[in-house]
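Topology and contacts: notes
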Amino acid sequence: MTPSILLTAYLVASVLFVFSLRGLSAQHTARRGNLLGLVGMIVAIGVTFAALLWPVPDARGGSPTPASPEALGVLGAAMGVGCLVGAFVASRVAMTAMPELVAILHSFVGLAAVLVGIGSHLRAARTGEALDLAHEIEVWVGVFVGAITFTGSVVAFGKLRGTIRSKPLLLPGRHALNAALTVACVALAVLALRAGGPVATHALYAMTALASVLGVHLVMAIGGGDMPVVVSLLNSYSGWAASAAGFMLGNDALIVTGALVGSSGAILSYIMCRAMNRSIWHVVFGGFGEGAGIASGTSAGTSATGRVREIDVAGAADLLLAARSVVIVPGYGMAVAQAQHALKEVVSRLEARGTRVRFAIHPVAGRLPGHMNVLLAEADISYEIVKEMDEIQEELPKTDVVVVIGANDIVNPSALEDPSSPIYGMPVLEAWRAGKVIMLKRSLGTGYAGVDNPLCYKDNTLMLFGDAKKSVLGLLAAIDARAESAAA
Amino acid sequence: MSETETSTTPSDRKVVGIPREIHPGERRVAATPATVSRIRKLGYHVLVEKGAGDAANAPDAAFQEAGAQIVSREALWAAADVVLKVRPPLEIDGVHEADLLKEGATLIGHVWPAQNEALVRRLAARRATVLAMDAVPRISRAQKLDALSAMANVAGYRAVVEAASRFGRFLGGQTTAAGRVRPAQVLVVGAGVAGLAAIAAARSLGAVVRAFDTRPVVREQVESLGGRFIPFEFKGETGEGEGGYARQVSDAYLAAEQELLAKHCAECDIVITTALVPGKPAPKLITSGAIVGMRRGSVIVDLAAEQGGNTALTERDAVVERFGVTIVGLTDLPSRMAEQASELYAMTVYHLLEEITREGQPAIDESDEVQRAMLVLRDGELKWPPPRPEPVRAGAPTPPPPDRPRPTERPASPWPLRLGVLAACLVLAPLAAWGPPDLLQHVTVFVLACIVGWHVIWNVTPALHTPLMSVTNAISGIILVGGLVLGGGGERWGAVLALAAVAVLVASVNVAGGFLVTQRMLRMFRK
């Protein structure tokens, strides 16, 4: 095979990836976009594998060394097993477990980048030539980013699953700790590049360990409610890690693809941060949502005077049946309770009666950007009635009933009214402007930001306590009962 | 009069006074018994002028029951630290209300400072603090203070009632033994608060409603109330101006509007016009030609009569018949529903009072955007017009809707740009000095790819963010290629191959899993 074939194939793959991302910009082209990405991937992998069978002169000028049959066998087997595992997991995972899956997949990219980096260093060291400075720097950067991505994603995975406490771990002097770890990594790099030989290899291992600790610490310092930002940030890191691997191997396909993914993740993180009125730097350097714990005490004190009005399922059903327009605000609680399917039935009943029903999605509802949209789509709810915050905000005052399901911080009036609140300034869905608000909630607990919600105490808010799914099923039964008695 | 009330009055409490409105024909009052008891809970003592609420069905006895003290006009003005009014202060029988105001007292009510300079000067002479209920800014937080919207709502409803009472037919359609009745056709011009209220009221009486507005964004609001929206396009010009209000438009634009409306007027039985442009005379949207073209017995209610009217033939404060069409130019529609209007207005005033009260004292916070906007005078010092808010930064993809608060919108700092340039220099300088050519080639590719990615991703709709993330995640599995290149480097067995194999293994989990799961997700999205 000639280098031209290889490079042309990579070019095709890169273009396919660009079109893949472009396709995802709209609903009707999204599936084609995914398909284009898959084709691009097959092209890239296929041509790389072919190049192992029929070697090409190395881009760095080396003479072609054909891959040994054993190596081919091992690599092929690894790829086969990996694909099977991936396919199995992907076809089994519940849509509510999507955040965890995405997080753990990010960690795989990080891990692969670390391994490729170390392997690339070992191979270069093996040849015994003097170390190529540029290549070594690429390796170090790649391993550094890869290790942070790897351990950071594993921690994010743990937090999303609930195996690690979602409360932020705020060590004293954590910024100093982060800085010290980073400086140590750089120092090790300088040492290794000067010394070379086995010292360099050991220094690389040590740096991998330090970067891993840094990754753990950065994500540990972030609270569970801010996971959408963290997950998309790690998505970005995994792209940069892949790009760095491309640099060390001199492979443009990797560089381009990594850069695409990296900037995609960066933009998503930026959008999320803007939606929460946070600085992106707070997330990058960890420890965001600081002060939430302290402030929750004070704000709980001020609103403890409020009175909560409760409503039962039958009363809520009556309200919904009497309403002409209903807006549903879903949150992570809906995902946890898997209430979306029952909810779909309620929506169908109401729509059949001529009620105008819409969903209002806050940009940071759930644990992933767009998480709620995916769950509602899973429940077969038309995306035409699923509105973004900006589209529906002005309609809320004209809405008869707003149903808040498992959402808390994203409908918290403190964000507008209470400058001492840690979420002050974050745009929220102004549910309280509607005629009535029915809030489905497990208990009077605080949301992930650890902030008490004055919405519960508003005059027009009615609380329907209990598991979201049970409550929605109860609503459904009550609505059907009303319909039957009306028919009889 | 109960003596107990007076005797238990704590002397150190600030006094809120509600005088009777003296404007001829004005029936509203600035407080109701319900708001009086809430005002007292804020720590005020409340005085109500005798008979203040009579016309709004709020008799003195009800005020007294709510804890107010009923007093004479003179006693009220002499004692009140805060006066709540509906209409701007005016002069009757040689006595001007502004002069009655206690020195240094606070006045809350409609003021219209732009039109009433002399009044403002007069109030300034009393060292008064004045808050204008007509100057509430249009942001979400201030909606509960928005007296104009509350009154517009009443006016819109009343306009339909006025029209129906002067229209000789049913509004709703019927099929009876005596024959079939067609529903009335109603045209509402201007879909602001009043227009929307009119649409809702006309719809609930059974009429078929169409609405016209130059701002295309209100279409959905019109349709949500069951009205049909009349679209209007004119060479890319829209009638939407600052703050969600309509704006003044060009002559050609106006002519096109008039022509379109004339056509619709000819098909309609009732026309309700509510078109206003802030600070300008109302646009003459309905020409006399359009009125001539209307069916005899039709009714026009012109809610813009106070600002000169939307029709060519409107007469202010009068009901006239022209070419067989009744044209209602009444300007006191809210006052004609005094009980309802007073209830709503009193609540907005109460909300304002609640906002400015600190420990039973009126204390205006000028750093508060809403209070600042409403403040006309402070201790006699002119505060109106308020400083203009910072303009929204240019270059935003869509201008934010008018009534969204932006509590912490900061001006763009020059630092990110400077730091960016600095960082670029720091990276590029060593590259230029020592970078090997092939590395620079890769850097070129990298930078261009970042830029492409940046532009492509911005177009993604938020609903697709999760699929996007999972597809990018699958794509970043391209690191598999790295593993293959590394592992295929000629090793037979050894550490490098083992590392490469593991890398390939995890990366392929990523690739297969990522694409499959994205496909699953996308399959679920349906229209």
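Since the model is a prediction, treat every value here as computed from it, not as a measurement. (Residues numbered from 1 in each chain as written. Chains lettered and ligands numbered in written order. Predicted model: local features only at pLDDT ≥ 70, side-chain atom pairs only at ≥ 80, totals over all residues. Heavy atoms only, no water.)

With that settled, consider the overall build of chain B. Counting secondary structure elements, chain B contains 19 helices and 21 strands. For chain B, the proportion of its 527 residues judged to be buried stands at 51%. Accessible surface, chain B as shown: approximately 23700 Å² in total, 56% of it carbon and sulfur. (Helix = DSSP H or I, 4+ residues; strand = E, 2+ residues; numbered from the N terminus. Buried < 20%, exposed > 50% of the residue type's maximum accessible area, 1.4 Å probe, protein only. Areas by Shrake-Rupley, 256 points an atom, 1.4 Å probe, with all protein chains shown as cover.)

On to the overall build of chain A. The secondary structure content of chain A amounts to 18 helices and 6 strands. Put simply, chain A has 488 residues, and 57% of those count as buried. In chain A, 79% of the contacts between residues at least 6 apart in sequence involve partners at least 24 apart. (Contact = heavy atoms within 4.5 Å.)

Quick look at the interface of chain B and chain A now. Counting residues at the interface gives 94 residues for chain B, matched by 122 residues for chain A. Summed over both partners, the interface of chain B with chain A buries about 9600 Å², with 72% contributed by carbon and sulfur atoms. Taken together, chain B and chain A are joined by 0 salt bridges. Remark: the boundary between chain B and chain A carries 8 residue pairs in polar contact (both at pLDDT 80 or more). The element best represented in the side of chain B that touches chain A is helix α19 (residues 495-524) of chain B, accounting for 29 residues. Looking at side-chain class alone, the side of chain B that touches chain A contains 55 nonpolar, 28 polar and 11 charged residues. (Buried area = accessible area lost by both parts, 1.4 Å probe. Salt bridge = Lys/Arg side-chain N within 4 Å of Asp/Glu carboxyl O. Polar contact = N/O pair within 3.5 Å; in protein donor to acceptor, adjacent residues only side chain to side chain. Nonpolar A, V, L, I, M, F, W, Y, C, P; charged D, E, K, R; others polar.)

Residue and element names in this part refer to chain B. Here chain B averages 84 in pLDDT, and 89% of its residues register 70 or above. Segment residues 1-8: pLDDT under 50, and 5 contacts once partners within four positions in sequence are set aside and those in other chains are kept. Interface confidence in the predicted complex, given as ipTM, is 0.75; pTM for the same model is 0.54. (pLDDT = per-residue confidence, 0-100.)

Here the focus is the nonpolar core. The biggest cluster of nonpolar side chains holds 201 residues, and the ones touching the most others in it are Val329(A), Phe359(A) and Ile479(B). It is α19(B) that contributes the most residues to this core, 16 residues altogether. Excluding anything up to four places from it in sequence, Val329(A) contacts Ala360(A), Val402(A), Val403(A), Val404(A), Ile405(A), Ala407(A), Ile410(A), Val411(A) and Leu429(A). Ala52(B), Ile139(B), Ile356(B) and Met374(B) belong to the second-largest nonpolar core, a separate cluster that totals 45 residues. (Core = buried A, V, L, I, M, F, W, Y, C linked by side-chain atoms within 4.5 Å.)

We now examine the confidence of the model for chain A. Per-chain confidence: chain A averages 82 in pLDDT, with 88% of residues scoring 70 or above. Scored below 50 in pLDDT, residues 288-305 of chain A makes 25 contacts in the model with residues more than four places away or belonging to other chains.

Let us look at the packing of aromatic side chains. Inspection of every chain in the model, using the stated rule, returns 6 aromatic pairs over all chains. Where Phe232(B) meets Tyr253(B), the ring centres are 5.3 Å apart and the plane angle is 75°; that geometry is what we call edge-to-face. In this pair, Phe232(B) is assigned in the loop between β13 (228-230) and α10 (251-267) and Tyr253(B) in helix α10, connecting sequence segments 21 residues apart. There is no split in this pair, since Phe232(B) and Tyr253(B) are both buried. Ring geometry for Trp454(B) and Trp458(B): centres 5.6 Å apart, planes at 85°, overall edge-to-face. Overall, Trp454(B) belongs to the partly exposed group, its relative accessible area being 40%. The class of Trp458(B) is partly exposed, set by a relative accessible area of 32%. Three or more aromatic residues joined by ring pairs make a cluster, and in this case those are Trp240(A), Phe247(A) and Phe446(B). (Phe/Tyr/Trp six-rings, centres within 6.5 Å; stacked < 30°, edge-to-face > 60°.)

What follows is about the sheet that holds strand β4 (residues 401-405) of chain A. Residues and elements named next belong to chain A. Strand order in the open sheet formed by 6 strands is β3-β2-β1-β4-β5-β6, and the pairing between neighbours is parallel. Strands at the two margins of the open sheet, each flanked by one partner only, are β3 (386-388) and β6 (461-465). Here the average twist between neighbouring strands, direction ignored, is 25°. The sheet contact formed by strand β2 (residues 356-361) and β3 spans 3 bridges and is parallel. Directly across from phenylalanine 359, in β3, lies its bridge partner valine 386. Each of β1 (325-330), β2 and β4 touches helix α14 (residues 340-352); the most contacted strand, β2, lies at about 145° to it. Packed on one face of the sheet, helix α15 (residues 371-378) meets β1, β2 and β3 and runs near 145° to β2. (Pairing = 2+ DSSP bridges. Axes fitted to C-alpha atoms, helices over the stretch in contact; angles between N-to-C directions.)

For the rest of this paragraph, the subject is the environment of Val29(B). All names here are of chain B. You can see valine 29 is positioned in the loop between β1 (15-18) and α2 (33-41). Sequence-wise, valine 29 and tyrosine 345 are 316 residues apart; in three dimensions their C-alpha atoms are separated by 8.3 Å. Those residues in contact with valine 29 that lie beyond four places of it in its chain are Ile18, Ala52, Gly53, Ala56, Val86, Ser342 and Tyr345.

Our focus in this paragraph is the pairing of β2(A). All names here are of chain A. For β2, the tally of buried residues reaches 5 of 6 residues, placing the bulk of the element in the interior. Inspection of the sheet shows β1 paired to β2 by 4 bridges, in the parallel sense. Counterpart to valine 327 in the pairing with β2 is arginine 358. Chirality of the crossover, the property in question, places the unit of β2, α15 and β3 among those that are right-handed. (Right-handed = clockwise from strand over helix to strand, strands pointing away.)

This part is about the sheet that holds strand β11 (residues 185-189) of chain B. All names here are of chain B. A sheet is described by the order of its strands in space; here 7 strands give the open sequence β13-β12-β11-β14-β15-β17-β16, paired in mixed fashion. Among the strands making up the open sheet, the edge pair consists of β13 and β16 (319-322). Within this sheet the neighbouring strands show an average axis-to-axis angle of 20°, counted without direction. Sitting on the sheet, helix α7 (residues 147-166) is in contact with β14 (270-273), β15 (299-302), β16 and β17 (325-328), with an inclination near 155° to β15.

This part takes up helix α6 (residues 117-125) of chain B. All names here are of chain B. Restricting attention to buried positions, one finds in α6 the residues Leu119, Val120 and Leu123. Viewed end-on, α6 has its buried residues packed into an arc of 100°, placing them on one side of the element. Facing away from the buried side of α6, by more than 90 degrees, are the exposed residues Glu117, Ala118, Arg121 and Ala125. Lining the buried residues of α6 we find β6 (95-96), α5 (97-100), β7 (106-109), β8 (129-132), β20 (375-378) and β21 (381-382). One or two positions beyond α6, positive phi appears at arginine 127, with a value near 55°. (Arc of directions from axis to C-beta.)

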